[in-house]
Amino acid sequence: MSNNKTIKSALISVFSKDGLEPIVRELDAQGVTIYSTGGTEKFINDLGIKVIPVEDVTSYPSILGGRVKTLHPKVFGGILNRQNHDGDVAEMSEFDIPQIDVVIVDLYPFEKTVASGAPNQDIIEKIDIGGISLIRAAAKNYADVICVSSVNDYAEFLKLIADKEGTLSEDDRKAFAAKAFNVSSHYDSAIFNYFNADNAITALKISESNGKVLRYGENPHQKGFFFGNFDEIFTKLNGKELSYNNLLDVDAAVNLMDEFKNDSPTFAILKHNNACGLAQRETLHKAYLDALAGDPVSAFGGVLISNAEIDVDTATEIHKLFCEVVIAPSFSKEALELLKGKKNRILLILNDVELAQKTVRTCLNGVLVQDRNNVTDTKDKVTNATTNSPSNEELDDLIFASKICKHTKSNTIVLVKGKQLCASGTGQTSRVDALNQAIHKAQSFNFDLKGSVMASDAFFPFPDCVEIANNAGITAVIQPGGSIKDQLSIDYCNDNNVSMVFTGTRHFKH
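These lines cover the structure that appears in this document, whether it is placed above or below.

1. Focus on the pattern of salt bridges
If the charged atoms of two oppositely charged side chains come close together, the side chains can form a pair.
No. 1: One pass over the full model with this rule turns up 22 salt bridges.
No. 2: The residue Asp 88 makes a salt bridge to Arg 82 at a minimum N-O spacing of 2.7 Å.
No. 3: You can call Arg 82 partly exposed: its relative accessible area is 40%.
No. 4: Here Glu 241 makes a salt bridge to Lys 212, at a shortest N to O gap of 3.2 Å. Residue Glu 241 is located in the loop between strand 10 (234–238) and helix 12 (244–257), and its partner Lys 212 is located in strand 8 (residues 211–213); the two are separated by 29 residues in the primary sequence.

The following block contains the structure:
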């Protein structure tokens, strides 16, 4: 497109003045007529730059406590008129409407006000009316007007008008119009979600302005993107850019370790979203070694996470392993220096933030949305299903196993002994297959399963699983219960001195 136009007038009405001064000075230097209102007008006046109050154009003051300032035909006519339309040109002259070539707006900070915990009335007052209307009008008429809709675009706009001496192409204006509609749609989505916090209206509005193009998706032939504020959750200290699969593993790792956030030193190793090693010990060094022992083969290329600062002793052991990502609340100076020895190894500090409370995934021609699984099984919530109760040590292990089970792909069985993951059967089409897989894997890494415990993400419809578990040396079981044939498993456990507790909560993960 050509349709170059030279900026001759600008309307500026912004909340944030950060970075505005150089724009105003550049516009003034180019002889641009500047219109403004309220605090922005005062800001420009204080710079010693001539500015025309919007009230002088509309012959109407700001009213209703500032709620109505720019909502006037003489303002919106100046923005929306079609400069190549004879009828519009005639009416502009008839009604003495000034042409406006640039609209610079920065909206009231609605989302920040909500996040601050402000009272409802303060939040309502931060719903911008005039600003959002100016954005929509200027962006719609990009053929003649350029819209700068956010403080985040000030620097780009300043460079553009300086480099091109105020003469912009239609491509320039259309690019800023797309940014403007991104701002306006995101703003309206945030407002809707505030008003629909109780989900009374079954509509989904997801808007994320932070986006990143990934090297590729799950496979090299697929495009991939991440939308979200990664830097809010992590501080990246080292390594290459995270891939699509890295991000999925990191997400799984963070959600799993959240179960052990305030516990004794705990270390987990994940591969393909499932824990292949996890242990809790008196020191992080020991926890790492025992987590690694759970499956030293799968650990290769895995994602590592701890709930405590990684010290140099632990880092020395980690450094021997090829791993993609290491996550911790902090790293000692010596540990960080050592782990940075491999330039591609991704090192992340996990910040103390609340995890997302909804999960969203595509399904057919739509999406599925559900609450995050915030139920964690605890000792005081389980009930003894058998006459034989688990020992204190077994009960601790059962809860430990249940936490892992909750974050493992279904169907799953998790085997634990002494707060160490011995093995898990993951993503199997039958629970028997999951159990057999877990037993075989544990035995292949020389675990003695005598005295170990078993967790299941769902109930047992038949007693086959508890029988297989008993034959392998497992002495205690935790499961949701709820099968119409629960009694078959209970009877087997009673007859064979196996204790079993029910949680009443299923933990499917697909």
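2. Some thoughts on the layout of surface pockets
No. 1: Of the pockets and cavities examined, the second largest pocket occupies roughly 460 Å³.
No. 2: Contributing elements (two or more residues each) for the lining of the second largest pocket: strand 2 (9–14), helix 2 (38–46), strand 5 (102–106), helix 7 (120–125) and helix 8 (130–140).
No. 3: Residues belonging to the lining of the second largest pocket are distributed by class as follows: ten nonpolar, ten polar and six charged.

3. A short note on the environment of Ile 79
No. 1: By the element assignment, Ile 79 lies in helix 4 (residues 73–80).
No. 2: Looking at Ile 79, the relative accessible area reads 0%, which means it is buried.
No. 3: Placed 100 residues apart in sequence, Ile 79 and Lys 179 show a C-alpha to C-alpha distance of 17 Å.
No. 4: The residues contacting Ile 79, other than those within four sequence positions of it, are Leu 11, Ile 100, Val 103, Leu 134, Ala 137, Ala 138, Asn 141 and Val 145.

4. Quick word on the sheet that holds strand 19 (residues 413–416)
No. 1: The strand order across the open sheet built from six strands is 18-23-22-21-19-20, with neighbouring strands paired in mixed fashion. One side of each edge strand has no neighbouring strand; the edge strands of this open sheet are strand 18 (383–384) and strand 20 (421–425).
No. 2: One ladder, built from two bridges, connects strand 18 with strand 23 (residues 499–502); its direction is antiparallel. Residue pairing for strand 23: Asn 384 is matched across the bridge by Val 501.

5. Quick look at the sheet that holds strand 6 (residues 146–148)
No. 1: The five strands lie next to each other as 4-3-2-5-6, forming an open sheet whose pairing is parallel. Each edge of the open sheet carries a strand with a single partner, namely strand 4 (52–53) and strand 6.
No. 2: One ladder, built from five bridges, connects strand 2 with strand 5; its direction is parallel. Among the inter-strand pairings, Ser 13 is bridged to a residue of strand 5, identified as Val 105.

Thresholds, definitions, all that
- Residues numbered from 1 in each chain as written.
- Predicted model: local features only at pLDDT ≥ 70, side-chain atom pairs only at ≥ 80, totals over all residues.
- Heavy atoms only, no water.
- Salt bridge = Lys/Arg side-chain N within 4 Å of Asp/Glu carboxyl O.
- Buried < 20%, exposed > 50% of the residue type's maximum accessible area, 1.4 Å probe, protein only.
- Helix = DSSP H or I, 4+ residues; strand = E, 2+ residues; numbered from the N terminus.
- 1 Å grid on protein atoms, 1.4 Å probe; cavity = no way out; pocket = protein on both sides within 12 Å on 5 of 7 lines; lining within 4 Å.
- Points joined across faces, edges and corners; volume = space filled by probe spheres on them.
- Nonpolar A, V, L, I, M, F, W, Y, C, P; charged D, E, K, R; others polar.
- Contact = heavy atoms within 4.5 Å.
- Pairing = 2+ DSSP bridges.

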